Amino acid sequence: GVQFVERGAIGKILEEQKLSLSGVVSGRDAVQVGKLLGADLLAIVEADEEGRHAIGVVVFDARTGERLAAR
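Just so you know, these numbers come straight off a predicted model, no measurement behind them.

A. Structural view of the overall build of the protein. Per the secondary structure count, the protein includes two helices and three strands. For the protein, the sequential pattern of α-helices and β-strands runs α-α-β-β-β. When burial is assessed residue by residue, the protein has 25% of its 71 residues classed as buried. Nonlocal contacts in the protein, meaning residues at least 24 apart in sequence, comprise 20% of its contacts between residues at least 6 apart. Of the roughly 5500 Å² of accessible surface on the protein, a fraction of 49% belongs to carbon and sulfur atoms.

B. Up close: the pairing of strand β3 (residues 67–70). Note that strand β2 (residues 54–61) and β3 share three bridges and pair antiparallel. From the neighbouring strand, Phe60 faces β3, where its bridge partner is Arg67. Where β2 folds back on β3, the antiparallel hairpin that results is connected by five residues, among which Gly65 adopts a positive phi of roughly 85°.

C. Spotlight on the pattern of salt bridges. Under the criterion given, the structure shown has two salt bridges. The closest approach of N and O atoms between Arg63 and Asp40, which form a salt bridge, is 3.8 Å. Note that Arg63 is positioned in the loop between β2 and β3 and Asp40 in the loop between α2 (27–37) and β1 (41–47), a separation of 23 residues in sequence. Given a relative accessible area of 59%, Arg63 falls into the exposed group. Of the charged contacts, one joins Arg63 and Asp61 as a salt bridge, the two residues approaching to 3.8 Å between their closest N and O atoms. Within this structure, Asp40, Asp61 and Arg63 form a network of salt bridges that share partners.

D. The arrangement of the pairing of β2 in detail. Sheet topology note: the β1/β2 ladder contains seven bridges and is antiparallel. Among the inter-strand pairings, Val45 is bridged to a residue of β2, identified as Val57. In this structure, the hairpin formed by β1 and β2 is closed by a connection of six residues, where Gly51 is found at a positive phi of approximately 75°.

E. Representation of the nonpolar core in the model. The biggest cluster of nonpolar side chains holds nine residues, and these are Ile10, Leu14, Ala30, Val33, Leu42, Ile44, Val58, Phe60 and Ala62. For this core, the elements supplying multiple residues, two or more each, are α1 (7–16), α2, β1 and β2. Not counting residues within four places of it along the chain, the set of residues in contact with Ala62 comprises Ala30, Val31, Gly34, Ala39, Asp40, Leu41 and Leu42.

Cut-offs and rules
- Residues numbered from 1 in each chain as written.
- Predicted model: local features only at pLDDT ≥ 70, side-chain atom pairs only at ≥ 80, totals over all residues.
- Heavy atoms only, no water.
- Helix = DSSP H or I, 4+ residues; strand = E, 2+ residues; numbered from the N terminus.
- Buried < 20%, exposed > 50% of the residue type's maximum accessible area, 1.4 Å probe, protein only.
- Contact = heavy atoms within 4.5 Å.
- Areas by Shrake-Rupley, 256 points an atom, 1.4 Å probe, with all protein chains shown as cover.
- Pairing = 2+ DSSP bridges.
- Salt bridge = Lys/Arg side-chain N within 4 Å of Asp/Glu carboxyl O.
- Core = buried A, V, L, I, M, F, W, Y, C linked by side-chain atoms within 4.5 Å.

And the structure:
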């Protein structure tokens, strides 16, 4: 199954660990965040300045850090 988690909901966890989703651009970062969240995959959705429209997405294998897709 797939479970979606809002940025705000995981923000507290990341804040405690002094991490930011905006900094997740490498496989190493994705592995670290994936471990904290217990995730197999990590998809980072980039939005426009108003936060209304998705403008890109990057998907990582959260166990290996391999970048699986980007658009």
